[in-house]
There are 2 protein chains.
Amino acid sequence: MELTKWREEILKIIEKSKKPLTAEEIYKINKFKPNFSTVYRALKFLEEKNLIKSISFDKGPKYFYSSKKHYHFLYCTNCGKIEVFNKCIASQLENFIYKNFKFQITDHVFYFKGLCENCKEG
Amino acid sequence: MELTKWREEILKIIEKSKKPLTAEEIYKINKFKPNFSTVYRALKFLEEKNLIKSISFDKGPKYFYSSKKHYHFLYCTNCGKIEVFNKCIASQLENFIYKNFKFQITDHVFYFKGLCENCKEG
DNA sequence: ATTGAAATGCAAATGATTTGCATTCTCAAG
DNA sequence: CTTGAGAATGCAAATCATTTGCATTTCAAT
Ligand SMILES: [Mn+2]
Ligand SMILES: [Mn+2]
Ligand SMILES: [Zn+2]
Ligand SMILES: [Zn+2]
């Protein structure tokens, strides 16, 4: 037993979603309503299996998304809203890191902080 | 009253440090021992005044550093160790964001996830 | 010296996530 | 088919970093 009913259901929800989701959102979307702990355990399981990824910001919950996607973010420091974009320039730096640190890169996190359209005055 | 004794002391500790510090580290370094809440309130105050910045990773506490520095990180997903580097390529993307989103950038967060020298096998 | 706003200390609350433990499920072995 | 061990689940309590409420203290301006 590993990829159980709940876990598959949760993986499907995440893969279908056009944007990253929080544990709570996933819990609410799921019509068969597993226990909240089960959701968290499923998310942990799926992330360990590299089927999903997560990102956390300064405050608030983690966001989960399919490993098939590659996201970067705009994080509003006022209301917490996140938007995504995909343009990625990290590979330029991987070479630099490889040369300068004995660090085995598995992923990267990149987001802009600032004010979303609603929160910036004007 | 604004930039009080405790707050100045804490700002000095952060500015002198060669690496980002957690609230607890700052608390322990400070020889005059303010209350822990005071440390947190001071950090919040200093960050609002843009004198310091903070970053949080997937788990564990925030790290605080002087706004005079610009850091990026290598975050070990196994032991939580952080290392810093300064090479920054974000400005290339700022232009892209400006053109495509109505988002007012104030800062950015960029770090690599992976395994530090100790945690990677071999 | 008086006063009021802001800062502090202390303890309790918070929010997201994790954990312990009893119960239930699954599936391969007999 | 029965059985039993190893997962997975549900539930409640615990955790961890951080925040908050409230009583008390500090401080600068009058
Ligand atoms: Mn990228
Ligand atoms: Mn940068
Ligand atoms: Zn906003
Ligand atoms: Zn490590």
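Shown above is the structure to which this text applies.
The present account deals with the structure reproduced in this document. (Residues numbered from 1 in each chain as written. Chains lettered and ligands numbered in written order. Predicted model: local features only at pLDDT ≥ 70, side-chain atom pairs only at ≥ 80, totals over all residues. Heavy atoms only, no water.)

## Concerning the relation of the copies chain A and chain B
Mapping chain A onto chain B calls for a screw motion: a turn of 180 degrees about the axis and a shift of 0.0 Å along it, with 0.0 Å RMSD after fitting. Such a combination of rotation and displacement between the chain copies is what one expects of a two-fold axis. In terms of C-alpha distance to the rotation axis, chain A has Phe110 of chain A as its closest residue, with the C-alpha 2.1 Å off the axis. Comparing interface residues between copies, 100% of those in chain A also lie at the interface in chain B; the contact surface is shared. (Least-squares fit on C-alpha atoms with pLDDT ≥ 70 in both. Contact = heavy atoms within 4.5 Å.)

## Concerning the interface of chain A and chain B
With 38 residues of chain A in contact, the opposing surface of chain B contributes 38 residues. Each partner contributes to the roughly 3,800 Å² buried at the junction of chain A and chain B, and carbon and sulfur atoms together form 64% of this total. Contact with chain B buries surface across chain A, with Phe103, Phe112 and Lys113 of chain A losing the most and accounting together for 18% of the total. If you look at where chain A meets chain B, you find two salt bridges. Residue Glu117 of chain B is joined to Lys102 of chain A by a salt bridge in which the shortest nitrogen-to-oxygen separation is 3.6 Å. The element best represented in the side of chain A that touches chain B is strand β5 (residues 104–115) of chain A, accounting for 12 residues. Per-class residue counts for the side of chain A that touches chain B are 20 nonpolar, seven polar and 11 charged. Examined bridge by bridge, β5 of chain A and strand β5 (residues 104–115) of chain B share 11 bridges and lie antiparallel to one another. (Buried area = accessible area lost by both parts, 1.4 Å probe. Salt bridge = Lys/Arg side-chain N within 4 Å of Asp/Glu carboxyl O. Helix = DSSP H or I, 4+ residues; strand = E, 2+ residues; numbered from the N terminus. Nonpolar A, V, L, I, M, F, W, Y, C, P; charged D, E, K, R; others polar. Pairing = 2+ DSSP bridges.)

## Considering the coordination of the zinc ion (ligand 4)
Residue and element names in this part refer to chain B. Distances from the zinc ion (ligand 4) to its protein donors, Cys76 (SG), Cys79 (SG), Cys116 (SG) and Cys119 (SG), fall at 2.2 to 2.4 Å. Geometry at the zinc ion (ligand 4) is tetrahedral, judged from the four donor atoms that bind it and their angles of 105 to 114 degrees at the metal. Exposure remark for Cys119: the relative accessible area of 22% places this residue in the partly exposed category. (Donors = N, O, S within 2.8 Å, 3.2 Å for Na, K, Ca; no water. Tetrahedral: all angles 85-135°; square planar, octahedral: opposite > 155°, others 65-115°. Buried < 20%, exposed > 50% of the residue type's maximum accessible area, 1.4 Å probe, protein only.)

## Here's the deal with the environment of Tyr71 of chain B
Residue and element names in this part refer to chain B. Within the fold, Tyr71 resides in the loop between β2 (63–66) and β3 (72–76). Separated by 17 residues in sequence, Tyr71 and Cys88 place their C-alpha atoms 8.3 Å apart. When residues no more than four places from it in sequence are discounted, the contact partners of Tyr71 are Lys18, Lys19, Pro20, Tyr65, Val84, Phe85 and Asn86. At a separation of 3.1 Å, a polar atom in the side chain of Tyr71 contacts the main-chain carbonyl oxygen of Lys18. (Polar contact = N/O pair within 3.5 Å; in protein donor to acceptor, adjacent residues only side chain to side chain.)

## Quick word on the coordination of the manganese ion (ligand 2)
A four-donor tetrahedral metal ideally has 109.5 degree angles, and a six-donor octahedral metal ideally has angles of 90 or 180 degrees. Residue and element names in this part refer to chain B. His70 (NE2), His72 (NE2), Cys88 (SG) and His108 (NE2) make up the full set of protein donors to the manganese ion (ligand 2), lying at 1.9 to 2.2 Å. Between consecutive donors of the manganese ion (ligand 2), the numbers of intervening residues give the motif H-x1-H-x15-C-x19-H. Linking His72 in strand β3 with His108 in strand β5, this pair joins segments that are 36 residues apart in sequence. For the pair His72 and His108, one class covers both residues: buried.

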